[in-house]
Every structure is written in structure tokens, then in C-alpha cells.
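# Results of the structural survey
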Amino acid sequence: MRITVYLTDNRPDPWIEGLKAELPDAEIEAWQPGAPQADHAVVWAPPQQFIDEQPALRGIFNIGAGVDALLKLRIPAGTRIVRLDDAGMSVQMAEYVCHTLIRHFREFDAYEADAREGKWSYRRPKARSDFPVGIMGLGVLGERVAKAVAQFEFPVLGWSRSPKQIEGVRVFSGEAQFDEFLSSTRVLVNLLPLTEATRGILNRETLGKLRPEGYLISIARGAHLVEDDLIPLIDGGRLAGATLDVFQVEPLPAEHAFWRHPRIVVTPHGSARTLREESIAQIAGKIRAMEQGLPIAGVVDPVRGY
Ligand code: NAP
Ligand code: GLV
């Protein structure tokens, strides 16, 4: 069995070493033009040339959860595209969202500003019942985040394509229930995949439907947010602020207004990082299962787009 590795923005060597330790009988190499045909590929954002030169791939294993970059390519119908299935990401997302939510709810930014001036001042406690948290996307990451937020006794709502039942979460589904979900939400968390149906879904109209003093936590893909709509909503008093981890252009350009806005927190697309060891173990396990003809989790439906 031959495995080829193409990782934009990542050094391939530690991945190749780790995969060789898990799959000692496989030939595993970094891809280069003209490389021999492989059975499987481990990738992040490969170019079309890579796909065109490897038409015999049975599996393409993405080292991230989101496959939007891969699905832009023309990939032969018989090749299975496999996303990373948690592999240590959901706990990171839960940490990120709970931290951001509590920092906003408990006004820790204001306390920090007071502390810098040596001010001992209390703020009136807020009712968590006034802070319903709505999570868009209840997949591998969204469901874990919903359950983590529920531990802090905030009302939790979720929105997905298909109906589902999650204990402690009021679940809405489909376009028909989207408006009711938005108007019941104060803190909106986006964990949708980027597809044609979800591109630009965070915009003046949808964010304008949140409960008063809404707050946005955008952690899936930058193209979900119509960026020009955000600052007018905050400055106009419709939203209280936002924490953004993903952007239309990454790295976020130095001149972008988000960096300097007092009610926007920017983090550099790291709300859930790919953890190399966990990911290698998961991918190797799936390759072994595929080779034995066994079913595997995380196979992407290219028509659905995730
Ligand atoms: P997932 O398991 O595929 O879950 C996707 C969820 O979105 C599902 O609940 C799905 O509904 C729902 N959904 C999809 N299209 C929808 C639509 N049109 N309307 C309503 N709901 C829709 O994905 P995941 O593993 O949780 O990851 C989510 C995304 O997070 C990734 O695609 C990636 O872009 C992003 N991400 C970001 C980072 C970061 O560091 N910032 C890290 C990892 C991932 P159903 O359940 O009904 O199918
Ligand atoms: C990161 O953004 C991922 O999709 O895993």
C-alpha cells in the first residue's frame, strides 16, 4: 500500500514519521509532481494538479474537520473523501466557546479595565436566563459545545439541517425554523460547515434577528460572515460585540478594522487546532479499516458539501 502526503502550511515529515509508525508495511512519501500512484492521500488544501496526477486514490484523508477547500477541486467520484472526526477538536471548541461566553456574560473585560486603573467596583449580576446560547450546527463539534454550555446552566438552543434530540438542548431544524431559532438566541455560535447553503449566512438580516444585545462567536469559516455587515450592527447598538476566529482573508490583514474595534475580539483561526498524534492515529485506523473493507466514520457527502 502506498500513501502520499500533501500538506499546505504544515511540514510533512512529522506526519510521515507518525504514519509510518502506525502503518509499518505502507510506503509513505511526501507528494511531488510525477510521484507514483498512491492508494490513499493525507492532505490539507492540495492543488488540483495533485488530484489530477493521482486518479487511483481510494481515500483522501483531510487533516481538518472542514472540507470546503477540498470540495472546490474536481475529485473522481470513486474516491472517498474523509474528514477528521473530532480527534481532540471538540474539547478545544468547548473550551473556546465556554471561555468566550463566560468572559462576555461575567464582563471580565470591564473588570480587567477597572483593575488596570486600580478600581474596586462591582457590577450587577446578570441572569443567565437572559443569555440563551444558540449553536448553529450540531455535528461533531456543535453537539459537544452545546453540552458543555449546558453544564453552566445557560439555556441552550441548536440548529441543524435534520431534526435531532439532544438532552438539555432545544433543537430547531431546517430553514422553516431558522428565524425562530435566531429570535430566541442572544449569544450565537457558528459551527456550520461552509457550503453553498451556508455561505454568507451571518449577515445584517440574520444577525439583526437575534435578541437585543446579541453577541456573535464565529468559529467555523470566514465566508459564513458578511464582514461589512458586522461593525455597523455593533456600532448601531444592535449587537453587543463579537469574537471572531475565522475570516474571509487569513491571516487577517493588518489594516482590517476588526483588529482595532473595541467590541471585537480576534483570534488567529485556532479555536480547535489539528492535534497531530490524535489525527495520525485516527487516519491510520481508518486506512486499516478501509483496507479490510470495514465501514468508517467521517466520509464526506460531496453533494451535501460536508
Ligand atoms: P459536522 O460534524 O459535519 O456537523 C455539521 C453540522 O452542521 C450538522 O449538524 C449539520 O446538520 C449542520 N448543517 C449543515 N448544513 C446545514 C444547513 N444548511 N442548515 C442547517 N444546519 C446545517 O461538522 P463539525 O465537525 O462539527 O465541524 C463544523 C465546522 O467547523 C467545519 O466544517 C469547519 O469549517 C469548522 N472548524 C473550524 C475550526 C477552527 O479552528 N476554527 C476547527 C475545526 C472545524 P445535520 O446534523 O442535520 O447534518
Ligand atoms: C480547521 O479549520 C478545520 O476545519 O479542521
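Predicted, not measured: the structure shown is a model, and the values here were computed from it. (Residues numbered from 1 in each chain as written. Chains lettered and ligands numbered in written order. Predicted model: local features only at pLDDT ≥ 70, side-chain atom pairs only at ≥ 80, totals over all residues. Heavy atoms only, no water.)

On to the environment of valine 300. Along the polypeptide, valine 300 turns up in the segment after helix H10 (276–291). Counting along the chain gives 220 residues from valine 300 to arginine 80, while the straight-line C-alpha distance between them is 7.4 Å. Not counting residues up to four positions away in its chain, the partners in contact with valine 300 are Val67, Leu71, Ile81, Arg83 and Tyr306. (Helix = DSSP H or I, 4+ residues; strand = E, 2+ residues; numbered from the N terminus. Contact = heavy atoms within 4.5 Å.)

Under the criterion given, the structure shown has one cavity of 30 Å³ or more. Each pocket or cavity is described by its volume, and for the largest cavity that value is around 50 Å³. In terms of lining, the largest cavity is formed by Arg2, Ile3, Thr4, Glu29, Ala30, Ala35, Pro36 and Ala38. When residues of the lining of the largest cavity are traced back to their parent elements, those giving at least two are strand E1 (2–7) and strand E2 (27–30). No other element matches E1, which puts three residues into the lining of the largest cavity. In terms of residue class, the lining of the largest cavity is made up of five nonpolar, one polar and two charged. (1 Å grid on protein atoms, 1.4 Å probe; cavity = no way out; pocket = protein on both sides within 12 Å on 5 of 7 lines; lining within 4 Å. Points joined across faces, edges and corners; volume = space filled by probe spheres on them. Nonpolar A, V, L, I, M, F, W, Y, C, P; charged D, E, K, R; others polar.)

Moving on: the site of ligand 2. Taken together, the neighbourhood of ligand 2 is formed by Gly64, Ala65, Gly66, Met89, Arg221 and His269. Separating an oxygen atom of ligand 2 from a backbone N or O atom of glycine 66 is a distance of 2.8 Å. One of the side-chain N or O atoms of histidine 269 is found 2.7 Å from an oxygen atom in ligand 2. The protein chains hide 86% of the 190 Å² of surface that ligand 2 would expose on its own. A breakdown of the residues in the shell around ligand 2 according to their chemical character gives two nonpolar, three polar and one charged. (Near = heavy atom within 4 Å. Polar contact = N/O pair within 3.5 Å; in protein donor to acceptor, adjacent residues only side chain to side chain. Areas by Shrake-Rupley, 256 points an atom, 1.4 Å probe, with all protein chains shown as cover.)

One way to put it is that helix H1 (residues 12–22) packs onto H10 with a least axis distance of 9 Å and a crossing angle of 45°. Viewed along their axes, H1 and H10 adopt a mutual orientation that is oblique. Viewed along their axes, H1 and H10 form a crossing whose handedness is right-handed. For the pair formed by H1 and H10, the contact residues are Pro14, Trp15, Gly18, Leu19 and Glu22 on the first element and Arg276, Ser279, Ile280, Ala281, Ile283, Ala284 and Arg288 on the second. (Axes fitted to C-alpha atoms, helices over the stretch in contact; angles between N-to-C directions. Parallel < 35°, antiparallel > 145°, perpendicular 65-115°, else oblique. Left-handed = near helix turned anticlockwise from the far one by under 90°.)

This part is about the packing of aromatic side chains. Tallying each qualifying case throughout the model produces eleven aromatic pairs. Ring geometry for tryptophan 120 and tyrosine 122: centres 6.5 Å apart, planes at 80°, overall edge-to-face. For the pair shown, tryptophan 120 and tyrosine 122 are each scored as exposed. Both rings, one in phenylalanine 172 and one in phenylalanine 181, keep their centres 5.9 Å apart while their planes meet at 65°; by these two values the pair is edge-to-face. Phenylalanine 181 carries the same exposure label as phenylalanine 172, and that label is buried. Ring pairs connect the aromatic residues Trp159, Phe172, Phe178 and Phe181, which therefore count as one cluster. Against the face of phenylalanine 154 rests arginine 128, its NZ or CZ located 5.1 Å from the ring centre. Cation over ring: arginine 186 sits above phenylalanine 131, and NZ or CZ is 3.7 Å from the ring centre. (Phe/Tyr/Trp six-rings, centres within 6.5 Å; stacked < 30°, edge-to-face > 60°. Buried < 20%, exposed > 50% of the residue type's maximum accessible area, 1.4 Å probe, protein only. Lys NZ or Arg CZ within 6 Å of the ring centre and 35° of its normal.)

This brings us to the domain arrangement of the protein. For the protein, the assigned domains read domain 1 (2–87 + 274–291) and domain 2 (89–266). Relative placement of domain 1 and domain 2: their C-alpha centres are 32 Å apart. The partner domain 2 presents six residues to the twelve residues of domain 1 that form the contact. Carbon and sulfur atoms make up 51% of the area that domain 1 and domain 2 hide from each other, which totals about 760 Å². It is Ala65, Asp68 and Asp86 that lose the most area in domain 1 upon contact with domain 2, and together they represent 58% of the buried surface on that side. Taken together, the links from domain 1 to domain 2 amount to one salt bridge. Residues aspartate 68 and arginine 221 are paired through a salt bridge, measuring 2.9 Å at the closest nitrogen-oxygen approach. (Domains from an automatic or database assignment. Buried area = accessible area lost by both parts, 1.4 Å probe. Salt bridge = Lys/Arg side-chain N within 4 Å of Asp/Glu carboxyl O.)

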